[in-house]
Amino acid sequence: MSWQNNGRCLILSLYENKLSSVIWFDFGYNSTEKLQEKALEAIAENATDNNVDIDLSVDTVNLKDEKTGASASFGENVKLPSDFPQDVPIFPDATVMSVGTTSEGVAATLKIEAQAVKVTEWYDDRLINLGWKKEAGYAAGGSEMRSFTKDGATLALNLVGSGKEEFAVTIMKNNEK
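J.: I keep staring at unusual backbone geometry and nothing clicks. Help me out?
T.: Most peptide bonds take the trans form, and the phi angle of most residues other than glycine is negative. Not every positive phi belongs to a glycine, and D93 is a case in point at roughly 65°. Mapped onto the fold, D93 is located in the loop between β6 (71-75) and β7 (95-102). A positive phi angle is found at D151, which is not glycine, with a value near 50°. For D151, the position within the fold is in the loop between β10 (143-150) and β11 (153-161).

This is how it looks when you write it as structure tokens:
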């Protein structure tokens, strides 16, 4: 099924009577973001059986499992949830690229522009001051990995370089057991 008007084209593909893909072309005209969002949301919701919110105006995708309460957000303007753990610090001027929450814990991926030594020292100092105990630390091939424990919870910190002073940092905290 397809629709075309004023240089715009929408193609919907069906497989076994379910929406399987959407292709949207916009040839130089202002696109209709809401139409794009709704089409992309329909595909994602159909594929995951979850509520999906896509907001192209802020370049984010938000997924939420209504059954379990788990959620995930990806994109350029991701915000940390209001219930993000207070004992998990976020490096100054870090850009949040993704965040996910489940009943078992939370994970966030940050983009940080700083020297690796500065980032790892900052996290070591802050986490220890917040009561975390450093259990292990490894460095291999331009990556840094740390693990911490506190009151039965575990925290993993992984720093992977994507440039001389640009890093992706993933923080994963598992809830107390």
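Still more ground to cover, so stick around.
J.: Any chance you could explain the pattern of salt bridges here in plain terms?
T.: For the structure shown, the criterion picks out six salt bridges. Salt-bridge contacts for D124 lead to K134; the nearest nitrogen and oxygen are separated by 3.2 Å. Residue D124 is located in helix α2 (residues 116-129), and its partner K134 is located in strand β9 (residues 133-140); the two are separated by ten residues in the primary sequence. A salt bridge links R146 to D124; its shortest N-O distance comes to 3.1 Å. You can see R146 sitting in strand β10 and its partner D124 sitting in helix α2, a full 22 residues away along the chain.

J.: When you look at the pairing of strand β12 (residues 166-174) in this model, what are you seeing that I'm missing?
T.: Each regular strand displays side chains that alternate between the two surfaces of the sheet. Alternating residues of β12 divide into F167, V169, I171 and K173, all buried, and E166, A168, T170, M172 and N174, none buried. Relative to β12, strand β8 (residues 105-113) runs antiparallel, the two sharing nine bridges. Paired with V106 across the bridge in β12 is K173.

Calculation criteria
Residues numbered from 1 in each chain as written. Predicted model: local features only at pLDDT ≥ 70, side-chain atom pairs only at ≥ 80, totals over all residues. Heavy atoms only, no water. Helix = DSSP H or I, 4+ residues; strand = E, 2+ residues; numbered from the N terminus. Salt bridge = Lys/Arg side-chain N within 4 Å of Asp/Glu carboxyl O. Buried < 20%, exposed > 50% of the residue type's maximum accessible area, 1.4 Å probe, protein only. Pairing = 2+ DSSP bridges.

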